[in-house]
Amino acid sequence: MFAVPDNTLLRPENPALRHPVRVALEVAADRDRWKHLLRYDPDERFATLVEKGEHQEVWLMSWLPGQRTDLHDHAFASGAFTLVSGHLTEAVARRAPGGRAVTELHALSAGQSRVFGPGYVHEVRNDGPDPAISVHVYRDAERAMRSYHLDPLGGPVLD
């Protein structure tokens, strides 16, 4: 048996301590929170701000078949993204120990998440036949994208 004294206070949750995947999953599951914002743009991937707080930004993105990002990082931001529907492919580019270039592919389906930190270089694309929707959480800095190109021998190089 567990007894809680009458004078016990519950401390409010600190949003900055919640893992960004938890935030992305929570927002993804609450469609009423973002469905009025959802659009599909035939010319480019659609992105819109869902909410902005002191410690994080939450973005909604839609991806028609064939739409993609360029190779990029998010500067000093860390965070995560969760796929709400459809399929996306993430290609992560990095320099392995010894200096050789490595590209890792991650195929994502609805409900799966990926995390990133400062300097995490990747591109995301919709190779599937159907539209995709994702929720992205950016921490410690506003959403930014720095472009890279891939040196086949040395790995990602900041443009």
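Please refer to the structure placed before this passage.
Residues numbered from 1 in each chain as written. Predicted model: local features only at pLDDT ≥ 70, side-chain atom pairs only at ≥ 80, totals over all residues. Heavy atoms only, no water.

Burial runs high along strand β2 (residues 56-63): eight of the eight residues are buried. Burial of the side chains of β2 extends over both faces: Gln 56, Val 58, Leu 60 and Ser 62 are buried on one face and Glu 57, Trp 59, Met 61 and Trp 63 on the other. In this structure, strand β1 (residues 46-52) lies alongside β2, joined through six bridges in antiparallel fashion. Its bridge partner being in β2, Phe 46 is matched across the sheet by Ser 62. (Buried < 20%, exposed > 50% of the residue type's maximum accessible area, 1.4 Å probe, protein only. Helix = DSSP H or I, 4+ residues; strand = E, 2+ residues; numbered from the N terminus. Pairing = 2+ DSSP bridges.)

The next subject is the sheet that holds β1. Read from one edge of the open sheet, five strands run β1-β2-β9-β4-β7, paired in antiparallel fashion. Edge strands, defined here as strands with exactly one partner in the open sheet, are β1 and β7 (113-116). When the angles between neighbouring strand axes are averaged without regard to direction, this sheet yields 20°. (Axes fitted to C-alpha atoms, helices over the stretch in contact; angles between N-to-C directions.)

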